[in-house]
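Overview (structure and organization)
Single-letter residue listing:
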Amino acid sequence: MLEATPKEIKTRKALRVNPCKTCEPVGALYAALGVHRCMPHSHGSQGCCSYHRTFLSRHFKEPAIATTSSFTEGASVFGGGSNLKTAVKNIFDIYNPDIIAVHTTCLSETIGDDLNSYIESIDIPEGKVVVHANTPSYAGSHIVGFGNMMSGFIKYLAEKSQAKTDQIAIFPGFVNPGDMRELKRLAKQMQVHYIMFPDTSGVLDAPNKGHYEMYPQGGTTVAEIRGLGAVKRVLALGEVTCTPPAMVLQAKCGVNFTALPLPIGIEATDQYLMELSRLVNTEVSDSLTEERGQLVDVILDAQQNFAKKTVAIYGDPDIVLGLTAFVLEMGMIPKYILTGTKSDLFSKRGEALFAKFGVSGCQALNNEDLFTLHQLIKNDGVDLMIGTTHGKYIARAEDIPLVRAGFPVLDRYVHSYMPLVGYRGAMRLLEMICNALLDRRDRDAADEDFELVM
Amino acid sequence: MGTAVLEERKQSIITRDFACSGEGFGCERASVAGSVSQRACVYCGARVVLNPITDAFHIVHGPIGCASYTWDIRGSLSSGSDLYRNSFSTDLREKDIIFGGAEKLARAIDEIVQEKDARLIFVYATCIVGVIGDDIEAVCRDAEEKYHIRVIPVKAPGFSGTKSQGYKLACEAMMQLIRPHYKEQEKPQGVNILGDFNLAGEMWIIKNYFHKIGVPVVSTFTGDASYDSLIRAPQAALNIVQCAGSSVYLAKCMEEEFGIPYFKVSFFGVEDTTNSLLRVAHAIGRPEVICRAEQFTAVEKMKAEHFLAQYRPHLAGRRAAIYVGGGFKAISLIRQFAEMGIRTVVVGTQTGSKDDYEVIRHLTEDDTVILDDTNPAELERFMREMRADILVGGVKERPLAYKLGIAFCDHNHERKHALGGYEGVVNFTQEINLSLNSPVWKYLRGA
């Protein structure tokens, strides 16, 4: 596998090989699925929509609905205005969502479709809403598209209010429904009144009821998005993903925000809880203190198995930074951390983590691909890889255990139901990391070294 | 229940209530805007056909998405190179859109050739390249001259037609590749297998049959194909076409230019596999081949029928829904279900032709629902109304079926085992049985 990867690293200026990112619209589609009774709409060729739905279905093992403007040759010459008009009418007639969230594609952006004026000129049924976001895939990755779609909802819907509610808005970033559930559980334990936006729990992890619901029960409601303008404060979890939409909300409605790292690992979860505690004046509950203590306990129990082991972590910026922080807390060495998304902030935060924990010889790379990661590993190997399914070729070629985390995971099940965030998420991560290393030791052990108790 | 059907969609649906004549059936047309179509685009069509060529560099010239989504997705297996399982692209950025991306493409080709031993490169132009007008043909031509390798452009902007248009582009690209290797005086020998992509090793199963009956296989399109194997294709005596939707155009081109006759075959189900092998043997015409084919298929058919007889009691009376890409596969599946004692009550395709739908009408009963380019809402409605027990489809249909409490079998890129040939009959039947009779259903129904 991957025999063609040479060890010698040459600078590439034009060629992308084995990307560690995908395009903006799939992020926008995912964000829109986190809004209750929302139909995501792809304004472009129909292949885009089909790919995005397939990609999401492969990760979540769930139906992922979206409609498309189905551009033809004509639309690409004369503009997609009439396609959008027809589409909006058809969608409300047939699928009856509360809201349509349109995102553009590289095609509709390049021909210069003006979505603002298109939407203004469309007759939208009473009580229904159409919003849009610009998501040209040549400008950013799926992470940027996710944030842009959030900003789109905010621009159209969030209402400025002098009177603030006691609610806190939580922006969870591009994470699994299992993470969103856990973030909400923690917030509930802190007795916080919150609006989570977006919220794909209950949508992309909906139970099997024996009938198909086009709009499952989960998702942030349109009313809640309107209410974002009146919240006390926004917690933007994951700086790279969630700062831009938080800034849009601040500019529009004057709501302040705190950008925090994704609560992966001990310190980042502490920070999340302390911030909630400060905002609503509650104490961290005994049960959460207990969870934290358990996490510290299991790290100690198992630490000789992973301390000083080297690891390569790759995927989306905020998740990679979160995982990096946690492996450092565990005493591991995150030798390479890499994201395909262009983000100098990612590299800066990564370097800061290396410095904080006093590890040397580690690299934080953004706007890079998995071919580069493979070459780095070929030159100087690691004990473990943590990241998305696309790293499995490298793991196989170099015979390195792989812990799957992030987006997309295409070759395993249940992952999207389970959290990485919070103390429980960290405990799960620790179990996966430790098991991967111990399974490997068992596999490699000669009979005389094979141990029952480890 | 009873989701409405769009007025524009009614012509693409045949039911007992609103049957339109086969003549007027709406297929081979663009999807209705605003529909949750299960269909993909021109680029997708071109890429899925060419992707299994194992030692080719497939470069996507465009922004990153189209390269990401098609990275090693087909499940086509290789006995040689695994180059095709990498993702190469130019990852176009904003400034490339403004100033043009041709230079970046030329450079990307340089970066490949200078690093690796490249002989064959396909360059796919996606949507915006079609709009900004990069002259990728010129870039490819220059690269061919500079490096003395084949660099073949595939101009496949997604908006320029349907997925079928992409199939055609792929066929044209393959003709560009093999045309220079045609020599008139060459003595024809053996067959080319077209339209099988070696998903789960199906091409190997079929090749093995031909080996057994004494028919040489010259080249395969495109399952487990390589540069060297493809350029031998013009020497073949006969082309057989399995996935007609994608590859019959290639067969027609080869017939016209190289004089190679062709016919359609199917290796799905006992009946189709047997008939196809016999037909090829008769076309080759050598008595020993015909004799071996008759013996081989008789034995295999008996074994398969014995096997099916054991399963039939578990399956008989069940009702199937089919939603697949091409018409020919749908037709095979209807026959295959009939062999299992299962009646097909809903059948649809993404890209079936009028002829395909005519055959489907004849093979199915009067109340069978027939759909072209359908969407989840219609599928749900008709599967419910027709009380389907199992759906055969692709990745987007799987979770839908399960949510509806209906069993499922992937007959697309994510098939779990080979579904072609006699081996495929065993695998398919077992999978259908496992899914239909899984113990978990009783917990769902009890809820």
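Counting of residues starts from 1 at the beginning of each chain's written sequence and follows it residue by residue. Each chain is given a letter, starting from A, and each ligand a number, starting from 1, according to the order in which they appear as written. The predicted origin of the model limits local features to residues at a pLDDT of at least 70 and limits the giving and counting of side-chain atom pairs to 80 or more, whereas totals for whole chains, interfaces and linings rest on all residues.

Considerations on the domain arrangement of chain B
All names here are of chain B. Split into domains, chain B comes out as domain 1 (42–181), domain 2 (191–294) and domain 3 (316–415). In this complex, domain 1 contributes 27 residues to the contact, which on the side of domain 2 involves 23 residues. Only DSSP runs of H or I reaching four residues or more are called helices, and only runs of E reaching two or more are called strands; each is numbered from the N terminus. Of all the secondary structure elements, the ones that give two or more residues to the side of domain 1 that touches domain 2 are helix H1 (42–50) and helix H7 (163–178). The element contributing the most residues to the side of domain 1 that touches domain 2 is H7, with eight residues. Residue ranges assigned to each domain were obtained from an automatic or database domain assignment. Note that contacts rest on C-beta atoms placed from the backbone: two residues are in contact if these are within 7 Å.

Section: the sheet that holds strand S6 (residues 168–171) of chain A
Residues and elements named next belong to chain A. Any two strands between which DSSP finds at least two bridges are classified as paired. If you trace the four strands from one edge of the open sheet to the other, you get S7-S6-S8-S9, paired in parallel fashion. Whereas interior strands pair on both sides, the edge strands pair on one side only; in this sheet they are strand S7 (194–196) and strand S9 (257–260). With strand direction ignored, the average angle separating the axes of adjacent strands in the sheet is 20 degrees. Here four bridges tie strand S8 (residues 233–237) to S9, and the two strands are oriented parallel to one another. From the neighbouring strand, Val234 faces S9, where its bridge partner is Phe257. In this analysis, axes come from line fits to C-alpha atoms, helices being fitted only over the stretch in contact, and the angle between any two N-to-C directions falls in the range 0 to 180 degrees. Running at roughly 175 degrees to S7, helix H8 (residues 177–189) makes contact with S6 and S7 of the sheet.

Observations regarding unusual backbone geometry
All names here are of chain A. Cis geometry marks the peptide bond from Phe197 to Pro198; its omega dihedral reads -15 degrees. Here Pro198 lies in the loop between S7 and helix H9 (222–227). Here Phe407 and Pro408 are connected by a cis peptide whose omega angle stands at 0 degrees. Inspection of the secondary structure puts Pro408 in the loop between strand S14 (402–404) and helix H17 (422–444). One non-glycine residue with positive phi stands out, namely Val414, at about 75 degrees. Along the chain, the position of Val414 falls in the loop between S14 and H17.

Some points on the environment of Ile360 of chain B
All names here are of chain B. Relative to the elements of secondary structure, Ile360 occurs in helix H14 (residues 354–363). Taking the number of C-beta atoms within 10 Å as the measure of exposure, Ile360 has 24 and is therefore buried. Through-space distance from the C-alpha of Ile360 to that of Ile331 is 6.1 Å; in sequence the pair is 29 residues apart. Every residue in contact with Ile360, bar those within four places of it in the chain, is listed here: Ala330, Ile331, Ile334, Val347 and Ile370. Neighbour density around each residue's C-beta defines its exposure: 20 or more other C-beta atoms within 10 Å make it buried, 12 or fewer make it exposed, and counts between make it partly exposed, where C-beta atoms are placed from the backbone.

Here we look at the interface of chain A and chain B
Taken together, the contact between chain A and chain B spans 60 residues of the former and 63 residues of the latter. Of all the secondary structure elements, the ones that give two or more residues to the side of chain A that touches chain B are strand S1 (16–17), helix H2 (46–60), strand S3 (67–68), helix H3 (73–78), helix H4 (81–94) and helix H5 (106–110) of chain A. Nonpolar residues are Ala, Val, Leu, Ile, Met, Phe, Trp, Tyr, Cys and Pro. Charged residues are Asp, Glu, Lys and Arg, and all others, Gly as well, are polar. Split into classes, the residues belonging to the side of chain A that touches chain B amount to 28 nonpolar, 22 polar and 10 charged. The pairing of S1 of chain A with strand S3 (residues 88–89) of chain B spans two bridges and is antiparallel. Within S3 of chain B, the position partnered with Val17 of chain A by the bridge is Phe88 of chain B.

Considering the nonpolar core
By our criterion, buried Ala, Val, Leu, Ile, Met, Phe, Trp, Tyr and Cys residues that link up through C-beta atoms within 7 Å make up a nonpolar core. Ranked by size, the top nonpolar core spans 294 residues in total, and within it Ile121 and Val123 of chain B carry the most contacts. With residues up to four places along the chain from it excluded, the contact list for Val123 of chain B reads Ile59, His61, Leu105, Ile136, Cys140, Val151, Pro153 and Val154 of chain B.

Notes on the sheet that holds S14 of chain A
Sheet strands associate in pairs through backbone hydrogen bonding, adopting either a parallel or an antiparallel arrangement. All names here are of chain A. With parallel pairing, five strands are arranged side by side in an open sheet as S12-S11-S10-S13-S14. Single-partner strands in this sheet number two, and they are strand S12 (363–365) and S14. Adjacent strand axes in the sheet meet at a mean angle of 15 degrees when their direction is disregarded. The pairing of strand S10 (residues 310–315) with strand S11 (residues 333–339) spans six bridges and is parallel.

Regarding helix H15 (residues 370–379) of chain A
Residue and element names in this part refer to chain A. Burial runs high along H15: seven of the 10 residues are buried. Those residues of H15 not exposed but buried are Leu370, Phe371, Thr372, Leu373, His374, Leu376 and Ile377. Of the surrounding elements, those touching the buried residues of H15 are S1, S10, S11 and helix H16 (392–398).

Comments concerning the confidence of the model for chain B
Low pLDDT means the predicted coordinates in that region are not meant to be read closely. The pLDDT averaged across chain B works out to 91; a share of 96% of its residues lies at or above 70. Predicted as a complex, the structure gets a pTM of 0.95 and an ipTM equal to 0.95. The predictor attaches a confidence to each residue, called pLDDT, with possible values from 0 through 100.

Observations concerning the domain arrangement of chain A
Residues and elements named next belong to chain A. For chain A, the assigned domains are domain 1 (24–157), domain 2 (168–286) and domain 3 (295–446). The straight-line distance from the C-alpha centre of domain 1 to that of domain 2 is 23 Å. Each side of the interface is counted separately: domain 1 has 26 residues, and domain 2 has 26 residues. Breaking the side of domain 1 that touches domain 2 down by element, the ones donating at least two residues are helix H1 (24–33) and helix H7 (142–157). It is H7 that contributes the most residues to the side of domain 1 that touches domain 2, nine residues altogether. Tallied by class, the residues present in the side of domain 1 that touches domain 2 amount to 17 nonpolar, five polar and four charged.

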